[in-house]
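Structural overview
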Amino acid sequence: MAFFFEAACVLRSLVSHQDFNYNNDGYDGEGAEDRKSQDGSETMPFIDESPTMSPQLCARGPDGEAVSPTPPEGLLPGGDIEKGLEMKKLVLSGFLASEEIYINQLEALLLPMRPLKAAATTSKPVLSMEQIETIFFKIQDIFQIHKEFYDALLPHIQQWDDKVTVGHLFQKLASELGVYKAFLDNYKVAVETAEKCAQANGQFQKISENLKVKGPKDSKDLTSSVTMEALLYKPIDRVTRSTLVLHDLLKHTPKDHPDFPLLQDALRISQNFLSSINEEIDPRRTAVTTPKGEARQLVKDGFLVEVSEGSRKLRHVFLFTDLLLCAKLKKTAVGKHQQYECKWYTPLADLTFQTLDDAADSIPHIQTLPEHELDEMKNKICVFKSEIQKEKTKGQSRVVDRLRKKMNEQEACLLLHSPSIPFRIHNRNGKSYLFLLSSDYERSEWRESIEKLQKKDLQACVLSSVELQVLTGFCFKLRTVHNIPLTSHKDDEESPGHYGFLHVIVHSATGFKESANLYCTLEVDSFGYYVGKAKTRVFRDTTEPTWNEEFEIELEGSQCLRILCYEKCYDKSKLNKDDNEIVDKIVGKGQVQLDPQTVQSKNWHMDVIEMNGIKVEFSMKFSSRDLSLKRTPSKKQSGVFGVKISVVTKRERSKVPYIVRQCIEEVEKRGIEEVGIYRISGVATDIQALKAAFDTNTKDILVMLSDMDINAIAGTLKLYFRELPEPLLTDRLYPAFMEGIALSDPAAKENCMMHLLRSLPDPNLITFLTLLEHLKRVAEKEPINKMSLHNLATVFGPTLLRPSEAESSKGHVTLASDIWSHDVMAQVQVLLYYLQHQPISFSELKRNTLYFSTDV
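Remember, it's a predicted structure, so these values are computed and weren't measured experimentally.

**Some points on the overall build of the protein**
Counting its secondary structure elements, the protein contains 31 helices and 19 strands. Sorting the 856 residues of the protein into buried and exposed places 54% on the buried side. Taking the contacts inside the protein whose residues are at least 6 apart along the sequence as the reference set, 76% of them involve residues at least 24 apart. Taken as a whole, the protein presents about 38,500 Å² of accessible surface, with 50% of it coming from carbon and sulfur.

Next comes the structure, spelled out in structure tokens:
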């Protein structure tokens, strides 16, 4: 049992971790090889024997523990049973696909075992028979178990109907978990033996570093290279998969279905197995012992950006039961064990969080990169991803490694310079520290973890230099987060994330004990960090807010949706003095994995997130980027949406469409200081209501505008330009705009870009100039609304320039994931050029002559 504790700890991490997806082979974003410290030890938290986390719904309870989601009442019982059984088939299909990957991995691991055994009986053995038996212990048995399970499950899915039962197959699979118990007991010895043999024998080292794994049947990649250490980790990862899938199968199986009791029994066996492991674990083994003989437990760790001497520094922060330690990885020679260097530590007994008043005069100058440089990094990352995929199909491993290294550098730089939300820590002795985080969710997690520990009777501790050195040394072994969240650190089999638009309806929330002013915000991950995308209206003085608000959220390789529930603060004495500081109180937070099976469905998927006793009910569905941005001319010419701008202005006898003028006027009247104006999504139902009102020329439109949430009005303006049958800057001139913005000579570019404006039809030009001046006025309030000229160009550039479907189909086809493609970046740059230009007058533009003309 020497290592049973440590291997089981990894299981706990898997069960409670929020990055599950059983449609791949189960990685959670950290490479398998990186889950272990250099000495091979696993140092994760314990197994959570509570109901496991569903890939479709991940949430945390008040103690930070995994919480089993409760399906919305009536979702299956008495509800759409056929839809539930169809979801059951989708769950099984995803699990079967991951079984195929797992079996291929086990097969790759077994492949060298047979020749190694044959060589062991000769005069020149590579390994002894004892070493072979230790390294490959129980792998053959595990392979056989899962091969039989796969072969039995496949025909059930191929011949699917509502009477098919699979529970007996999962019962049999669960009954054979004893084989995994034996594997876990031997795991550490197996890894250590493999490592020692590789060091002592060059031939075995070559074998262990380059095992070939077959790809799935429908995969373009025939094989991939994986290390033996990574493959030995797979069974530890896999042992929780049946428990995960059983929860979702039960969720979508009617109680009167013959499968229900069989699946329940299989789940009971699996949970009992995990519980029995917990009982044998000694919790002191994940802790460092203090000189007084007390256990100093690692509670949380992660990578944060610290502001030090005005510069951003990437740190690894460790929260122990009695202190917070900030470290950096030391540069070491190739082949040497990596080590941490402690930058500072502070006892939790001396730690406080700075108030806004305390912090107001102590905010240092923070080094920031211009928005266009951050977007350029995103563009390069997407280009590298595309090139890596091309080279992988050619089998160019060296080229792929070189491209991965370049992409790694860009992603690391992006993650260093993107965070902007301050998280301040103050030591009672007078020292203060400032971190920058990407989301309020992350900041809340760190603060809550620290405050929970501070409720205990803590004594201030002072570490000697030797004690600090020992603790810092243990950090490498105890850490649970091994890599910053880079694409290059992910397993090749992991989902690349989703690109397109996620439609989310936030329905309601229950579980509040006292009336409050409540609202929710939505965040999604993008390029390794989280970005706030939408916010509901404030529901005043209630314990059961009912929003029923729909949002359209753009996804850029996103895999997770976060929902935060806030209590609105109206106390003027607590107004924030730092614009990035959120003073409203978080009353609950949770997140849900964007499961591919759910996201790819065209139907709405309803779910619930539980957070601190609060339940937030929401629905979501996905649409591809191309489908959402497709310009579709209106069949009726009576409205304004989808109708040519020249038709609308002629009908209205105006120079600028009424809808544009009214939306701009309302935004400037009461939304110009709104944080994230034009970036934060408005409520979709409100936008549709405004669209209908403008289309029918409702008399009450002005009243509607004055009462409507300002983000909905901003969203209506964006939607109008997006639904024009051709872009505002026209299909005809689009190629010339792309060529003009690429010119290097400033004078030539100026001449060309002004000539292109002059070439626009008058209604298009006047409307564009009106919008241009409005966006400049919005950007003047950037210190308050956080919307720079570049931010606004990013939002409006593709909307104003993206060609209609007929025109875009003439060009080359790009990947749906290529959000930051060359064309999109150029569209942003075109609008940014005009936004940064001195004021452009319609009359002056028409009066001025060109130094030369351009054939457009």
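**Some words on the confidence of the model for the protein**
Detailed conclusions should not be drawn from predicted coordinates in areas where pLDDT is low. Averaged over all residues, the pLDDT of the protein is 78; the fraction at 70 or higher stands at 76%. Confidence over residues 1-79 falls short of pLDDT 50; this stretch has 256 contacts with residues more than four positions distant or in other chains. When the criterion is pLDDT under 50, residues 850-856 qualifies, and its contacts beyond four places in sequence or with other chains add up to 13 contacts.

**What about the side chain of D525?**
Within the secondary structure, D525 is located in strand β12 (residues 516-526). On the basis of relative accessibility, which here comes to 12%, the residue D525 falls in the buried class. A polar contact is formed between the side chain of D525 and the backbone nitrogen of Q559, at a distance of 2.9 Å. With residues up to four places along the chain from it excluded, the contact list for D525 reads Y530, E556, G557, S558, Q559 and C560.

**Focus: helix α24 (residues 734-741)**
Extensive coverage of α24 is indicated by the burial of six of its eight residues. All buried positions along α24 are accounted for by Y734, A736, F737, M738, G740 and I741.

**Here's the deal with the sheet that holds strand β11 (residues 498-510)**
With respect to topology, four strands assemble into an open sheet ordered β15-β11-β19-β18, the strand pairing being antiparallel. The open sheet is flanked by β15 (546-558) and β18 (605-611), the only strands paired with a single partner. On average, each strand axis in the sheet is tilted by 30° relative to the strand beside it, whichever way the strands run.

**Examining the packing of aromatic side chains**
A full pass over the atoms with the stated rule returns 18 aromatic pairs. Plain terms: the ring middles of F318 and Y340 are 5.4 Å apart, the flat faces sit at 80° to each other, and that makes the pair edge-to-face. On the criterion of sequence distance, the pair formed by F318 in strand β5 (residues 311-320) and Y340 in strand β7 (residues 340-347) is long-range, its members being 22 residues apart. Across the pair, exposure class does not vary: F318 and Y340 are buried alike. For the ring pair W344 and Y433, a centre distance of 3.6 Å and an interplane angle of 10° mean the geometry is stacked. Taken together, the residues span a long stretch of sequence, with W344 in strand β7 and Y433 in strand β10 (residues 432-437) at a distance of 89 residues. Both residues of the pair, W344 and Y433, count as buried. Here a set of aromatic residues connected by ring pairs shows up, and it is made of W344, F353, F423, Y433 and F435. The side chain of K589 reaches across the aromatic face of Y441, ending 5.8 Å from its centre.

**Focus on helix α3 (residues 113-120)**
By the burial criterion, the buried members of α3 are M113, L116 and A119. The buried residues of α3 all sit within an arc of 125° when viewed along its axis, so they share a single face.

**Examining the nonpolar core**
Counting 69 residues, the largest nonpolar core has Y678, F721, F737, F768 and Y834 as its most contacted members. Of the residues forming this core, the biggest block, nine residues, is contributed by helix α26 (residues 762-780). Setting aside chain neighbours within four positions, we find F768 in contact with L728, L729, L757, L800, L831 and Y834. Ranked by size, the runner-up nonpolar core spans 61 residues in total, among them F95, A108, V164 and A230.

**Remarks on the pattern of salt bridges**
Within this structure, the stated rule accounts for 28 salt bridges. A salt bridge links K138 to D141; the nearest nitrogen and oxygen atoms lie 3.6 Å apart. D141 sits in the partly exposed class, given a relative accessible area of 35%. Across the pair D322 and R296 runs a salt bridge whose closest N-O atoms are separated by 2.8 Å. Of this pair, D322 sits in the loop between β5 and β6 (323-329) while R296 sits in strand β4 (residues 295-308); the two residues are 26 residues apart in sequence, bridging distant segments of the chain. In this pair, the class of D322 matches that of R296, namely buried. Linked through salt bridges whose partners overlap, the residues forming this network are R537, E549 and D686.

**Some remarks on unusual backbone geometry**
For residues other than glycine, phi is negative in most cases, and the peptide bonds are mostly trans. A positive phi angle, near 45°, is found at D541, a position not held by glycine. Turning to its location among the elements, D541 is positioned in strand β14 (residues 539-542). For N548, which is not a glycine, the phi torsion comes out positive at approximately 50°. With respect to the secondary-structure elements, N548 resides in strand β15.

What counts and how
Starting from 1, residues in each chain are numbered consecutively following that chain's sequence as written. With the structure being a predicted model, the display of local features is reserved for residues of pLDDT at least 70 and the display and counting of side-chain atom pairs for 80 or more, all residues being used for whole-chain, interface and lining totals. For the side-chain quantities, the full set of heavy atoms in the structure was used; hydrogens and water were omitted. Numbering of helices and strands starts at the N terminus; helices are DSSP runs of H or I of at least 4 residues and strands are runs of E of at least 2. Any residue under 20% of the maximum accessible area for its type is buried, any over 50% is exposed, and the rest in between are partly exposed; the area is computed with a 1.4 Å probe on protein chains only. We call two residues contacting when some pair of their heavy atoms lies within 4.5 Å. Computed with the Shrake-Rupley method and a 1.4 Å probe, the accessible areas treat only the protein chains shown as cover for residues. The score called pLDDT rates the predictor's confidence residue by residue, from a low of 0 to a high of 100. Counting of polar contacts relies on pairs of N or O atoms within 3.5 Å, with two restrictions inside protein: one atom must be capable of donating a hydrogen and the other of accepting it, and residues adjacent in sequence are counted only when both atoms are side-chain atoms. A pair of strands is treated as paired once DSSP finds two or more bridges between them. Note on definitions: angles span 0 to 180 degrees between N-to-C directions of axes, and those axes are lines fitted to C-alpha atoms, for helices only across the stretch in contact. To pair, rings of Phe, Tyr and Trp, with the six-membered ring standing in for Trp, must have centres within 6.5 Å; the planes then decide the type, stacked if under 30 degrees apart, edge-to-face if over 60, and tilted in the middle. Note on geometry: a ring has a charge over it if NZ (lysine) or CZ (arginine) is within 6 Å of the ring centre and within 35 degrees of the ring normal. Our arc is simply the arc of the directions from the helix axis toward the C-beta atoms. Nonpolar cores are built from buried Ala, Val, Leu, Ile, Met, Phe, Trp, Tyr and Cys residues. Side-chain atoms within 4.5 Å join them into one set. One side-chain nitrogen of Lys or Arg within 4 Å of one carboxyl oxygen of Asp or Glu is enough to make a salt bridge.

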